[in-house]
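Listed below, chain by chain, are the residues.
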Amino acid sequence: MTATNAARAAAIQQRCAFVLLGSVQTTLIFTLASIAVPLPAIGREFGLQRADLILLSAAYGLTFAGLLLFGGRLADRYGGRRALTAGLVLFAAALAVAPLAPGIGTLLAARFAQGAGAALIAPAAMAVLRTALPSSAAYSRAMATWGGLSVLGATAGNLLSGVISALSSWRCTFAVPLVVALAALALTPRLLPDTTPSRGRTLDLPGALLATTGITLASYGLVVTDTRPWSSADVLVPLLAGAALLVGFRYAERRARDPLLPPRFLLDRRRVLALAAIALSACATSMTFVVLSLHLQQVRDWSPLQTSAAFVPFAVALIVSGRAAGHLIGRHGVRTVTAAGLAVGAAGLALLALTGTDAHIPYGYGLLPGLVLLPAGTAAAFAGAAVLTTEGVPQHQTGLAGGVLNTAMESGPTVLFAILLTLGSDASSLASTGVALAAVALLTHRTK
């Protein structure tokens with residue numbers, strides 16, 4: 001084989017690896033978002049109260065966020081491809097159980113298990129991607145696209161779940177991620193390179209236990225504020241216990257020989273701001289879908305199919321911005337694109353807060369402008385922030401970087417979402433999120 005043919009074959013292999021891993025990453029967030037629109041139908045079938053529906057909606061995200069740091073360390077310790085395969089097996093098995101659930105208990109268990117599988121898959125996929133793209137420039141370009149895949153997955157989950165529920169049953173919404181997971185399992189040995197495990201590293205099990213339990217309890221305490229007052233034991237006990245465990249995790253990491261999250265990893269101010277940008281962008285997207293989906297169906301009396309159709313411009317703007325983000329980063333710099341994306345997203349939220357929840361303002365100029373600006377901004381912000389988060393990370397910590405990045409992504413739709421929803425009306429929550437995005441945009445722009 002000539003050098004030219006070998007280079008062409010290597011490029012095709014890298015492209016196939018990225019498509020496979022990107023599809024898996026998109027599917028993880030699709031699965032997180034896809035249950036939002038069918039929740040009323042699930043509640044009617046199983047006779048559930050609002051609190052049950054809130055827990056069902058959050059179950060996947062709780063284990064996903066809680067186990068991500070440990071999943072990243074497992075990927076670094078045992079090799080990304082091996083961890084990816086194990087996560088896909090668990091994820092696919094849980095997806096196969098969910099449509100057969102006879103009641104809320106089985107469905108909840110399946111959602112928790114799906115989140116656990118996703119927590120292993122997400123950082124492992126980034127570790128494999130780093131091996132598949134050994135060139136730093138190629139990896140940075142890939143991460144610019146990678147950042148927008150999660151927003152795309154959330155958008156697709158909300159759109160397709162409404163269509164599937166309208167045409168069939170909520171149980172069929174699990175078919176899409178199941179097919180992707182099975183296809184990924186079949187293609188992984190053929191398309192993805194093997195990764196070298198870091199045999200000399202320990203797992204820091206005490207740190208993993210403290211982090212996982214702390215994040216899960218604190219997230220649960222914030223989630224139940226939707227149905228319980230802040231002063232109730234249902235909120236305070238898990239919230240304070242989770243906070244105490246996370247403080248314990250911080251001190252334990254200082255003493256650990258091989259910490260789960262090295263303290264120096266978060267000393268880079270640009271990385272911290274990038275993680276804040278990811279969390280807030282994910283929160284803004286999730287809040288917009290939830291608030292406007294309920295508004296359109298409960299206030300304007302739209303059907304689930306009409307509600308899904310209302311978000312089509314959102315998806316189009318997201319795809320266009322995501323495709324342009326890599327080129328813009330190469331031309332204007334990652335910090336500039338990230339800050340500009342956050343500012344545009346903040347403007348979109350401001351418009352939605354002013355006109356989006358007013359039933360007397362038509363869709364065309366009440367909702368549509370904000371539903372275009374918000375995804376255009378957050379897609380660019382996600383792309384830039386993903387590059388900033390992984391910039392300068394050594395290869396043996398790629399799984400850790402993936403765990404931290406995805407933890408920020410999951411904390412947005414759970415922790416930040418729960419906090420911001422308590423600020424008053426839907427318009428107030430949207431406006432407050434926009435202010436937070438604008439603040440991070442300003443700090444990112446000023447940080448060298």
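Placed above this text is the structure.
Residues numbered from 1 in each chain as written. Predicted model: local features only at pLDDT ≥ 70, side-chain atom pairs only at ≥ 80, totals over all residues. Heavy atoms only, no water.

**Structural notes on the overall build of the chain**
Put simply, the test is: A helix here means a DSSP run of H or I that spans at least four residues, while a strand means a run of E at least two residues long, and both kinds are numbered starting from the N terminus. The atom set for the radius of gyration is the C-alpha atoms, and the globule formula is 2.2 Å times the number of residues raised to the power 0.38. For the exposure calls, accessible area comes from a 1.4 Å probe over protein chains only, and a residue counts as buried if that area is under 20% of its type's maximum, exposed if over 50%, partly exposed in between. Every accessible area reported is derived by Shrake-Rupley at a probe size of 1.4 Å, with residue values counting cover from the shown protein chains alone.
In terms of regular secondary structure, the chain is built from 17 helices and 0 strands. For 448 residues, the compact-globule estimate of 2.2 N^0.38 gives 22 Å, and the chain sits close to it at 21 Å. Along the first, second and third principal axes, the C-alpha atoms of the chain reach 65 × 45 × 45 Å. Burial analysis of the chain (448 residues in total) assigns 53% to the buried set. By element, 66% of the accessible surface of the chain is carried by carbon and sulfur atoms, the whole surface being about 18,100 Å².

**Topic: the nonpolar core**
Stated formally: Think of a nonpolar core as a cluster: buried Ala, Val, Leu, Ile, Met, Phe, Trp, Tyr and Cys residues, connected wherever their side-chain atoms sit within 4.5 Å. Any two residues whose heavy atoms approach within 4.5 Å at even a single point are treated as in contact.
Judged by nonpolar contacts, the single largest core of 120 residues is most densely connected at Phe64, Leu107 and Met143. Here phenylalanine 64 is in contact with Leu28, Ile29, Gly115, Ala118, Ala119, Ala122 and Glu410, once residues within four sequence places are set aside.

**A look at the pattern of salt bridges**
Operational definition: Salt-bridge detection follows one rule: a side-chain nitrogen of Lys or Arg within 4 Å of a carboxyl oxygen of Asp or Glu.
In the structure shown here, the tally under the stated rule is 2 salt bridges. Here arginine 270 makes a salt bridge to glutamate 391, at a shortest N to O gap of 2.5 Å. Placement of arginine 270 in helix α10 (residues 269-299) and of glutamate 391 in the loop between α15 (368-390) and α16 (398-421) is noted, with a sequence separation of 121 residues between them. Judged by relative accessible area, which is 26%, arginine 270 ranks as partly exposed. For glutamate 391, a relative accessible area of 36% translates into the label partly exposed.

**Some thoughts on the packing of aromatic side chains**
The test is simple: Classification of ring pairs rests on two measures: the distance between centres of Phe, Tyr or Trp rings, Trp counted by its six-membered ring, which must be within 6.5 Å, and the angle between planes, read as stacked under 30 degrees, edge-to-face over 60 and tilted in between. Note on geometry: a ring has a charge over it if NZ (lysine) or CZ (arginine) is within 6 Å of the ring centre and within 35 degrees of the ring normal.
Applying the stated rule across the entire model yields 8 aromatic pairs. An angle of 80° between the planes, with centres 6.5 Å apart, marks the rings of tryptophan 170 and phenylalanine 174 as edge-to-face. Aromatic ring contacts, followed pair by pair, group Phe46, Trp170 and Phe174 into a single cluster. One residue, arginine 77, lies across the ring of tyrosine 78, its end atom 4.9 Å from the ring centre. The ring centre of tyrosine 139 lies 4.8 Å from the NZ or CZ of arginine 130, which sits over that ring.

**Side note on the layout of surface pockets**
Defined as follows: A cavity here means a set of 1 Å grid points, computed over protein atoms only, where a 1.4 Å probe fits but cannot escape. A pocket is an open set with protein on both sides within 12 Å along at least 5 of 7 lines, and lining residues have an atom within 4 Å of a point. Grid points are joined across faces, edges and corners, and a volume is the space filled by probe spheres set on the points. The classification used treats Ala, Val, Leu, Ile, Met, Phe, Trp, Tyr, Cys and Pro as nonpolar, Asp, Glu, Lys and Arg as charged, and all other residues, Gly among them, as polar.
The computed volume of the second largest pocket comes to approximately 610 Å³. Lining the second largest pocket are 21 residues, and of these Ile215, Leu246, Leu266, Thr407 and Ser411 lie nearest its centre. Listed by contribution, the elements that provide at least two residues to the lining of the second largest pocket are α3 (50-78), α8 (205-223), α9 (233-255), α10 and α16. The dominant element in the lining of the second largest pocket, judged by the number of residues it contributes, is α16, at 7 residues. Tallied by class, the residues present in the lining of the second largest pocket amount to 17 nonpolar, 4 polar and no charged.

**With respect to the environment of histidine 445**
Its place among the elements puts histidine 445 in helix α17 (residues 426-446). Assessed through its relative accessible area of 48%, histidine 445 is described here as partly exposed. When the C-alpha atoms of histidine 445 and serine 150 are compared, they prove to be 24 Å apart, with 295 residues separating the residues in sequence. Each residue touching histidine 445, except ones within four places of it in the same chain, is listed here: Arg335 and Ala339.

**Considerations on the packing of helix α13 (residues 334-356) against α15**
What counts is decided by this rule: The axes are straight lines fitted to the C-alpha atoms, using for helices just the contacting stretch, and the angles between their N-to-C directions are given from 0 to 180°. Roughly parallel covers angles under 35 degrees, roughly antiparallel covers those over 145, roughly perpendicular covers 65 to 115, and oblique covers all other angles. With the far helix as reference, a near helix turned anticlockwise by less than a right angle produces a left-handed crossing, and one turned clockwise produces a right-handed crossing.
As a packed pair, α13 and α15 sit with axes 7 Å apart at the nearest point and diverge in direction by 155°. Overall, the two elements α13 and α15 adopt an arrangement that is roughly antiparallel. In this structure, α13 meets α15 at a crossing whose hand is left-handed. Per-class residue counts for the contact of α13 with α15 are 16 nonpolar, 8 polar and no charged.

**Some details on helix α4 (residues 80-97)**
Stated formally: Take the residue count of a helix, subtract one, and multiply by 1.5 Å to get its expected span. When we speak of the arc, we mean the arc of directions from the helix axis to the C-beta atoms.
The first and last C-alpha atoms of α4 sit 26 Å apart over 18 residues, in line with the 26 Å expected at 1.5 Å per residue. Taken residue by residue, α4 has Gly80, Ala83, Leu84, Gly87, Leu88, Phe91, Ala92, Ala94 and Leu95 as its buried positions. When α4 is viewed along its axis, its buried side chains cluster within an angular range of 165° and face the same direction.

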